[in-house]
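# Summary of structural features
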Amino acid sequence: MTGERPWGQEDLLRRLAGAVADRRLPQSLLVHGPEGVGKRSLALWVARALQCEAPEAGDVPCEACRNCRMAARLEHPDIHLHFPMPRPKRAASRAKLREAIEAQRHERLARLREDLHARLDPDAVTGLYVAAVENIRDQASRRPSMARRSVFVIEDAERMVPQSASPEAANAFLKLLEEPPPFAYIVLTSGRPDALLPTIRSRTVPLRVAPLPIARVAAYVAEHLDVRDDDRARAVARRAGGAVYRARALVDSETGESEAAADGLLAAALDGSPQARYRAASRYSARGARGELEPALEALRIRLRDMLCVAAGAPDAALDPTDGGPSEGAILDALGAVDAAMEGVGRNLNPQATTALLLEEMGAAFAGRPTGRMAGTPQFAGVLRSL
Ligand SMILES: [Zn+2]
């Protein structure tokens, strides 16, 4: 169901519905807040509110009229959702490139119709490229086809690629933000509003989606994600930093492989034998394929952070505390090695060799031997080459 009501944001929704009813809603909005807080849900909710035909103005979006129903299925012809995407392969002309981008967008919209919170292109380099911005500008200049208004939701607007290549497109977009046609509304979203071009920031009205109190997110986790253990629900809520959709992703991944993979890595490092390290590292591919190792390292970092809380005498701060274990200094060294491994994986270093070196370093840290071969990615890449 894609037409959902952003959870826990009742006050904000009431104010927005009032602004739509009184025709006070600014035409260029910037929805911002941390990752997983529900910016996409909120922006699409605003789009539905703007298109709704409810007889009582205060009741938007009614979720029952034709506009609301089409919008909830992401099929409303006058609601245009754009997001960063990989750059298409070479195209014969500008027009072909723009067509290719539009085709990519429709593929991804089909995925979002299945799951509104799907992560699009998690492993690819993506951006809102000039050709996409040109498409937006053209779509916005056309009259709506069915409703009275057209609404543009443009996600992760900070990923709009600096447009020195086409100052024309950049200027046209800025003009669109500053003076949209009377029928067009533009809703940008951003998790990093500081990274937005100042020229974009100054032309939009900010709307912050705040994280929720931990207790409320814990209640959501218990009720909607079926986590019946109160302590665990609270731990998930804390780890999600009060962001409901991040909590959801955490619960999904917890039942998946990354936690088990992290346990395997930790056990191999604690075991200390070269055989255990070799077995654990051989699970990862020797080329590319960072997809699997990255979430395992994330989970490993959380495990080590918990161990650090316990070692530092603050088990209450741990998300999932366990007794005993290495000293604070050893754990800090191990965390440093995990950070280095994360960065190496992000730069496409060989995952298997990276894991082998990581486990060697962690094993040394836990055994009280000196570490530091992974300090700094360039050095550590050199160590990998020499293996
Ligand atoms: Zn409606």
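Residues numbered from 1 in each chain as written. Predicted model: local features only at pLDDT ≥ 70, side-chain atom pairs only at ≥ 80, totals over all residues. Heavy atoms only, no water.

For the zinc ion, the full set of protein donor atoms is C52 (SG), C62 (SG), C65 (SG) and C68 (SG), at a range of 2.3 to 2.4 Å. With four donor atoms in place around the zinc ion and angles of 102 to 119 degrees between them, the coordination shape is tetrahedral. Expressed as a motif, the donor residue spacing for the zinc ion is C-x9-C-x2-C-x2-C. You can see C52 sitting in the loop between α2 (39-51) and α3 (66-72) and its partner C68 sitting in helix α3, a full 16 residues away along the chain. On the accessibility criterion, C52 (6% relative accessible area) is buried. (Donors = N, O, S within 2.8 Å, 3.2 Å for Na, K, Ca; no water. Tetrahedral: all angles 85-135°; square planar, octahedral: opposite > 155°, others 65-115°. Helix = DSSP H or I, 4+ residues; strand = E, 2+ residues; numbered from the N terminus. Buried < 20%, exposed > 50% of the residue type's maximum accessible area, 1.4 Å probe, protein only.)

With domains assigned, the protein is organised as domain 1 (10-208), domain 2 (214-254) and domain 3 (258-386). Here the C-alpha centroids of domain 1 and domain 3 sit 40 Å apart. (Domains from an automatic or database assignment.)

Mapped onto the elements, D121 comes out in the loop between α4 (94-114) and α5 (130-141). The buried category is assigned to D121, whose relative accessible area is 15%. If we ignore the near neighbours within four places in the chain, the residues touching D121 are P84, M85, P86, R108, R111 and T126. (Contact = heavy atoms within 4.5 Å.)

Following the criterion strictly, the structure yields one aromatic pair and no others. The positively charged end of R87 is found above the aromatic ring belonging to Y129, 4.2 Å away from the centroid. Sitting above the plane of the W7 ring, R216 keeps its charged end 5.2 Å from the centroid. (Phe/Tyr/Trp six-rings, centres within 6.5 Å; stacked < 30°, edge-to-face > 60°. Lys NZ or Arg CZ within 6 Å of the ring centre and 35° of its normal.)

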